[in-house]
Amino acid sequence: MKKIPGPSKKRLFTLARLLSQQKKEKITSVELSALTGWGEATIRRDISLLELHNGVSNGYDVKILHDAICSSLQINSDQAEKHPCCIVGLGKLGEALLESSVFKGSSFELVAGFDTNFNKIEIMKTEIPLFATLDLEKKIRSLKIEYAVLAVPDEKAQFMADRLIACGIRGIVNYTNTVLSVPKEVRVEHVNTAVILTGMCAC
Ligand SMILES: NC(=O)c1ccc[n+]([C@@H]2O[C@H](COP(=O)([O-])OP(=O)(O)OC[C@H]3O[C@@H](n4cnc5c(N)ncnc54)[C@H](O)[C@@H]3O)[C@@H](O)[C@H]2O)c1
């Protein structure tokens, strides 16, 4: 199997998500370009990295393409089998993520939110179970949580990441400004709007 470069991987993850929302059976690279804003050549090149055995006449078969992406990137295409995840830090950002539909249609299920502030946990109205961070280790294990979204104050980020990792968490989406130090078997994605914008205007 061809090695898929990082930027192509990211685009293919997005494509898989968009394809899972499609109602039609076939989709062309022109339509994919309109959906994503990426050039047709880029889309075709990314797709050429997959092991697609079927011909492409009048567009790609949506299901075949979706399954090929999932199989090449080893992501779970079975929506019934979800990876449990949690949000740690339920301030402005954490609460917005909790209330958003960010996990909808994905193979991830938000099963818990954690915060140090007991009042917040009691007052917040949400269908997602909320817990004090005192119970973090117990709940991560009992709910079999695999991934965490980190939205705590910057100075608490490494400490909370260490606690999550000690519980066996597989990956962290880090929204804080702290660059985390993690063991090599744990995946971390840093999401920092300023850094992303800087990358956009850098040549
Ligand atoms: N990635 C971005 O573009 C972006 C944008 C805004 C904020 N941020 C970062 O996201 C983080 C959260 O920002 P915010 O505006 O939501 O902050 P906030 O102050 O509104 O919320 C922080 C929350 O974390 C809780 N908390 C404190 N210590 C904790 C701990 N040890 N464990 C669990 N919860 C704890 C607090 O009680 C509070 O509810 C900050 O690090 C901020 O710098 C990133």
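Conventions we followed
- Residues numbered from 1 in each chain as written.
- Predicted model: local features only at pLDDT ≥ 70, side-chain atom pairs only at ≥ 80, totals over all residues.
- Heavy atoms only, no water.
- Axes fitted to C-alpha atoms, helices over the stretch in contact; angles between N-to-C directions.
- Helix = DSSP H or I, 4+ residues; strand = E, 2+ residues; numbered from the N terminus.
- Parallel < 35°, antiparallel > 145°, perpendicular 65-115°, else oblique.
- Contact = heavy atoms within 4.5 Å.
- Nonpolar A, V, L, I, M, F, W, Y, C, P; charged D, E, K, R; others polar.
- 1 Å grid on protein atoms, 1.4 Å probe; cavity = no way out; pocket = protein on both sides within 12 Å on 5 of 7 lines; lining within 4 Å.
- Points joined across faces, edges and corners; volume = space filled by probe spheres on them.
- Domains from an automatic or database assignment.

S.K.: Whenever I open this one, the packing of helix 1 (residues 6–20) against helix 3 (residues 40–48) confuses me. Can you help?
M.R.: How two helices sit against one another is set out by the angle between their axes and by the gap between those axes. It is the contact of helix 1 with helix 3, at a shortest axis distance of 10 Å, that shows an interaxial angle of 95°. Put simply, helix 1 runs roughly perpendicular to helix 3. Judged by residue contacts, Ser8, Arg11, Leu12 and Leu15 of helix 1 engage Thr42, Arg45, Asp46 and Ile47 from helix 3. The class makeup of the residues in the contact of helix 1 with helix 3 is 3 nonpolar, 2 polar and 3 charged.

S.K.: When you look at the layout of surface pockets in this model, what are you seeing that I'm missing?
M.R.: Over the atoms rolls a probe the size of a water molecule, and its path tells where empty space is left. In this structure, the largest pocket occupies an estimated 1,900 Å³ of space. Taken together, 46 residues make up the lining of the largest pocket; nearest its centre are Phe13, Ile75, Phe108, Val173 and Glu189. Sorting elements by how many residues they give to the lining of the largest pocket places helix 1 first, with 9 residues. Residues of the lining of the largest pocket, tallied by class, amount to 22 nonpolar, 14 polar and 10 charged. In this structure, the lining of the largest pocket is formed jointly by two domains, domain 1 (6–72) and domain 2 (83–196), each of which donates at least three residues. Considered as a void within the structure, the second largest pocket measures approximately 190 Å³ in volume. Lining the second largest pocket we find 15 residues, and of these Asp115, Thr116, Val152, Pro153 and Lys156 sit closest to its centre. Listed by contribution, the elements that provide at least two residues to the lining of the second largest pocket are strand 4 (108–115) and helix 8 (157–166). Ranked by residues supplied to the lining of the second largest pocket, first place goes to helix 8 with 3 residues.

Geometric values such as these leave the question of function open.
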